[in-house]
Amino acid sequence: MASLAPTFGRGAMTNHWVDIKNSNLVLIMGGNAAEAHPCGFKWVTEAKAHNNARLIVVDPRFTRSAALADFYAPIRAGTDIAFLGGVINYLIKTGNVHQEYVNAYTDATFIVREDFDFQDGLFSGYDAASRSYDRGTWMYELGEDGYARTDPTLQHPRCVFNLLQRHYARYTPDVVSDVTGTPEEDFLMVCKMIAETAAPDRTMTVMYALGWTQHSKGSQMIRCAAMVQLLLGNIGQSGGGMNALRGHSNIQGLTDLGLLSDLLPGYLTLPKESETDYDPYIAARAFKPLRPNQMSYWQNYSKFFVSLMKAWFGNAAMPENNWCFDWLPKLDKVHDVLQVFEDMHQGHLNGYICQGFNPLAAFPDKRKLGEALANLDYLVIIDPLETETSEFWKDYGEFNPADSKSIATEVFRLPSTCFAEEQGSLVNSGRWLQWHWKGAEPPGKAKGDAEIIAGIFLKLRDLYREEGGAFPEPIVNLSWNHLSPEEPSAEELAREFNGRALVDLTDTEEPNKVLRRAGQQLSSFGELRDDGSTACGCWLFCGAWTEEGNLMARRDNSDPSGLGNTLGWAFSWPANRRILYNRASADPNGKPWDSRRRVISWDSERWTGIDVPDFSRTSPPSQGMGPFIMNPEGVARLFAVDKMAEGPFPEHYEPFESPLPVNPLHPEKPAARNNPAARVFASDLEKMGDAGAYPYVATTYRLTEHFHYWTKHVEINAILQPEQFVEIGASLAEEKGIYAGDRVRISSKRGEIVAKAVVTKRLRALMVHGRIVHQVGLPIHWGFKGRAKPGYLTNTLTPFVGDANTNTPEFKAFLVNVEKA
Amino acid sequence: MGLKLSRRQFFKVCATGLATSSVAALGFTPNAALAEVREFKLSGAKETRNTCPYCSVSCGVLMYSLGSNAKNAKQEIFHIEGDPDHPINRGTLCPKGAALLDFVHSSSRLRRPEYRPNGASDWQPISWEEAFERIARHMKSDRDRNFEATNEQGATVNRWLSCGMLAASASSNESGYLTHKFARSIGLLAFDNQARV
Amino acid sequence: MALQSLDIKARSATTTESPSVRKTTRVAKLIDISKCIGCKACEAACMEWNDLRDVVGVNKGEFDSPRDLSDQSWTVMRFYEEEPNGQFEWLIRKDGCLHCEDPGCLAACPAPGAIVQYANGLVDFHEEHCIGCGYCITGCPFDIPRISKKDSKAYKCTLCSDRVAVGLEPACIKACPTGALVFGSKEDMIDHADERVADLKGRGFENAGLYDPAGVGGTHVMYVLQHADRPQLYGLPIDPIISPLVSLWKGVTKPIAMLLLGLTVLGSFFHYIHVGPNETDEDEEENEAAS
């Protein structure tokens, strides 16, 4: 999500599943919705059947999404920026830009600092030694009033639109085809279909998932598509948007709740170790508007932060101690999973807790992961199923060779409940918080996750109360107000993250008017205060459990507009808004761009419509407030300023393991071959293979019959796809004498696996930069535990390198060799 | 298309076929030929609404369990299908969702806490109480040894870097919220969920 | 209960007239191949509802799994990589019983009441009456029924007669995530197919059409095909008819055959007494599956 937030202000799917039916064109690229999200994909078939929509699929493989596409274009794995940059160039060259939208709702008119530069594949400020940029020059030119300078005529040579045009002028159709391997006529056909949605009454939706995130420059791939959508005016519109299809049932929720190394709930961020003072910490996050009359909603940061600390530490959080600001751990660096397993591999970690997570299978380079886990003193597994990680120390022959005696790690395996045996809420990809109910008791002695965490925490708290120890304050003062402390209930916890008034809240204008009584649940984050009078565990979820009750459990599915906006179903963050940035569905005067797709419009007094306005309800169009209220600019960013690690405009770089020795865009510049700011450790660079020994491009993926490494434990799914296989194109198979059903050995510099060969016409050889490139498909679902036939963990092969912003590993493009086993 | 019987199968069909069909044809059928459909199996079952735990489409599901919810009946889920009221899936499910029953009853479900000591090649059972105690003791001694109150520059950092945690992206917001609260209170930074992979 | 909810149109090897006074809506399932993603949700839902679990097989170099219909798999997806118009297409067909209006299985079946056709069009097997002779397989122009190795009885899709009897759609229909499977009255399904065919023609599939073969009197499971002029691309027979052997059996030869069978039953009785039941050798079966 480190690409949507820098562009639009929030890191989440902009629209929602049902809204996809309103599209005129669906672009599935960097994802495979038909297989990974079949029930969401129904809204694509619905758009085709009842909105006469067209479907384009761009993918290295002809997938089951492609099977229903009106047009399919093949692409070399890892070259999507070249493709999308080419689309940007095409749109600008052919004048297929929704110019009124772009001028009003993006930073196209903003003037960029003079010292910003881009030369030979590198932006200004690069430091090769630290593999990072000083991003100081990646900024707008500011006037004396503190506002960014703009040129509404777009004449200024350094206005964003002109810089954009210049940056992507290099991405001509022949260059695109040379880099991506997509035949030029196929690329142009895709451009032509996309360009039609620049019309105000036509929208394209983009559906993507791990096919974009799992690259060393995945965030920039997504950003590039987001920029295409802005040029076409497709954000904020029904049937448009950037639809990030999240993988797990509550991955959105856990991200919203900040369960990432550098976050706090609601996208608040943990302080760095350079930020040990409270006021500067807040000031650096409470962004002041960059243009007049803009909302810049993060100005309220302190209200969210103080309310969080009140929720966590209760009376201990006081103005005198800056609401326990010192108690929060301060970041020395981002402890993403690659960093953590690198540190673990080097012996810097003693303990690790895996709650419903199977890292031995989920992270890259299985051998390294196994070695890392063996360095631990203690490992705690909390899971409903027997994961591979929980038995990393056990010998499973070729699939997991291990010498148990030599592994000293003590492992605790604690059985947890599954969905059917618990209640609570999950946030789906479309930001809906939905409640579910318990239908049965767990098997044997299994307990719920909250109960298990409570069990560990209460023991630990007892030890600190009895014995003292290192900094016990946050532990012994953590608020734990549950009727049964050993079993915090879902209802109690949901009420806590929603937030409540701690004292009577009075109107700031009329001190005698009580808005909310002490103890009452809050109804919206607008009620939060930074004086300690409100407590709220996650401001973004405020409104989910109010005095009206549990809004996440609502089940009114009525859809009066027919556009699929069911406002009475569950609760959607923020503030029950269903389509983010919906102010942009109307023109600058407040009139819908497309009358058949009215989301909200200005009725001369207020904004009304079929959705909750993602905007100030009463700000008239004449005031000029922009639709992207989280951004200090008020508009969306074509130029990402300093928000992205490797540059404000996406640039094509080769995957770390590429069949090409150079980046065709910068053949003379080795530093610009791969993402110059990507996360990579020295010892892992040594384990990168080259095209001599590993000539084929490999990409890992998921099959519709399985879910990650869970459903191999599920009998029916094991029946539907029983045994590990790899997909090999017919031409490569012929070259190698491989027939369907043969056993083949796939090897990378990091290891090898053996699997059955599925030989298919769906993987075509591509002509890339003067050579034939074959691609090999590697489904990931097998392992050494479960009901399906035992297999290798596919991450035996994958490289330990991550995206520069999210540190997501590059699972989608690397090199392998293929032989008959 | 057409009939795909191997020669062996053909003989088998004929052999068993003749032997039994003849019995029936001569009127030795055990019962009269009633034509009833299979009994509808959900009639008295308890219905509970839930959400599919796999991908983020979040399909609504209906779980059917044995027993009326009476005190003496232990609920046993025996069928799961889509919730037709749900605006997104409208009753549909994918091959994973349609097979959720086999996840609930998977032979790989963990049923009791287990412990693997240093160097052991198999699990041994452990009680919850003992597991919590030993885990807490491990964590406390590690934390007390390695907690960093200040960094090299003397700035207050209050962090514990020698322990890490991965949180479950299929657990509920409520569990996730509690887990986050727990992790930061003990000073964890090496803390992530599946969002990065 | 069932006799009230589903009237019978025909029963195998039964000469007494079936009740035919009440008017019943004729139902149909429509499989729109142009909307099918081959996800196998229908297979999963079918197994789950009908309490079936096929074996965890092996991969033979294709996506198809289970690879064929069986007593445990009443529907399977068949994947075809074709280039019908010079352009690559991945055609995926859900295979299973078509519930013929003139069911060849029923005509061929010698066991009274083992195969029943309901007035709504469903063709149901009643295994308790099945004698395992396999004639239904011979009678079926689509190669659908399978004899179980476990109980030597014939099994196939019932179109979830137990669900339809209480007013629900079949399990596969409910599950199908993309709307490739729809269920309703046969008239409505034909209308729906017309709409789909028009849409496909608008997308360049000039020969799109409905597969509702007249040779078996039409079917209660129909297909929308992008290339209806070439059903063989999808592994469907071009012009299916009931095998002539079935009418032979039903006509001239039946009385003679019955006589012969009478003698055989005596023989098999003595065989049983002396040798025991004819059991299948498990190892032999597995070797066969692997070959």
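It should be emphasised that the depicted structure is a prediction, and the values quoted were computed from it without experimental measurement.

1. Regarding the sheet that holds strand β3 (residues 76–82) of chain B
Residue and element names in this part refer to chain B.
Okay, step 1: Read across the sheet, three strands follow the order β1-β2-β3 without closing on themselves; strand pairing throughout is antiparallel. A strand with exactly one partner marks an edge of an open sheet, and here the two such strands are β1 (46–51) and β3. Going across the sheet, the axis of each strand differs from the next one's by a mean of 30°, ignoring polarity.

2. Overview of the domain arrangement of chain A
All names here are of chain A.
Okay, step 1: Domain annotation of chain A identifies domain 1 (4–247), domain 2 (249–428 + 432–492), domain 3 (582–625) and domain 4 (670–820).
Okay, step 2: Once you take the C-alpha centre of each, domain 1 and domain 2 turn out to be 33 Å apart.
Okay, step 3: Each partner contributes to the interface: domain 1 provides seven residues, whereas domain 2 provides six residues.
Okay, step 4: In terms of residue class, the side of domain 1 that touches domain 2 is made up of four nonpolar, two polar and one charged.

3. Considerations on the interface of chain C and chain A
Okay, step 1: Across the contact, 30 residues belong to chain C and 36 residues belong to chain A.
Okay, step 2: Looking at the side of chain C that touches chain A, the elements that each hand over two or more residues are α2 (41–50) and β4 (89–96) of chain C.
Okay, step 3: A total of five residues in the side of chain C that touches chain A trace back to one element, the largest contributor, which is α2 of chain C.
Okay, step 4: Looking at the side of chain C that touches chain A, its residues break down into twelve nonpolar, seven polar and eleven charged.

4. Focus: the interface of chain B and chain A
Okay, step 1: On the side of chain A, 136 residues touch chain B, which itself brings 102 residues to the contact.
Okay, step 2: Residue composition of the side of chain B that touches chain A, grouped by class: 48 nonpolar, 33 polar and 21 charged.
Okay, step 3: By the bridge criterion, three bridges tie strand β14 (residues 410–415) of chain A to strand β4 (residues 114–116) of chain B in an arrangement that is antiparallel. By the bridge assignment, V411 of chain A is partnered in β4 of chain B with R116 of chain B.

5. So, helix α13 (residues 301–313) of chain A
All names here are of chain A.
Okay, step 1: Counted at 1.5 Å a residue, the expected span for α13 with its 13 residues is 18 Å, and the 18 Å between its end C-alpha atoms agrees.
Okay, step 2: Most of α13 is tucked away: 13 of the 13 residues are buried.
Okay, step 3: In the segment just after α13, G314 is the residue with positive phi, at about 50°.

6. Let's talk about the packing of helix α19 (residues 490–498) of chain A against helix α4 (residues 173–185) of chain B
Packed helices, taken two at a time, are described by the angle their axes make and the gap between the axes.
Okay, step 1: Look at α19 of chain A against α4 of chain B: their axes get within 9 Å of each other, and the N-to-C directions meet at 70°. Taken together, the axes of α19 of chain A and α4 of chain B lie roughly perpendicular to each other. Where α19 of chain A crosses over α4 of chain B, the two elements pack in a sense that is left-handed. On α4 of chain B, the residues touching A490, L493, A494 and F497 of chain A of α19 of chain A are N173, E174, Y177 and L178 of chain B.
Okay, step 2: Considered class by class, the residues forming the contact of α19 of chain A with α4 of chain B number six nonpolar, one polar and one charged.

Procedures and definitions
Residues numbered from 1 in each chain as written. Chains lettered and ligands numbered in written order. Predicted model: local features only at pLDDT ≥ 70, side-chain atom pairs only at ≥ 80, totals over all residues. Pairing = 2+ DSSP bridges. Helix = DSSP H or I, 4+ residues; strand = E, 2+ residues; numbered from the N terminus. Axes fitted to C-alpha atoms, helices over the stretch in contact; angles between N-to-C directions. Domains from an automatic or database assignment. Contact = placed C-beta atoms within 7 Å. Nonpolar A, V, L, I, M, F, W, Y, C, P; charged D, E, K, R; others polar. Expected span 1.5 Å × (residues − 1). Buried ≥ 20, exposed ≤ 12 C-beta atoms within 10 Å, placed from the backbone. Parallel < 35°, antiparallel > 145°, perpendicular 65-115°, else oblique. Left-handed = near helix turned anticlockwise from the far one by under 90°.

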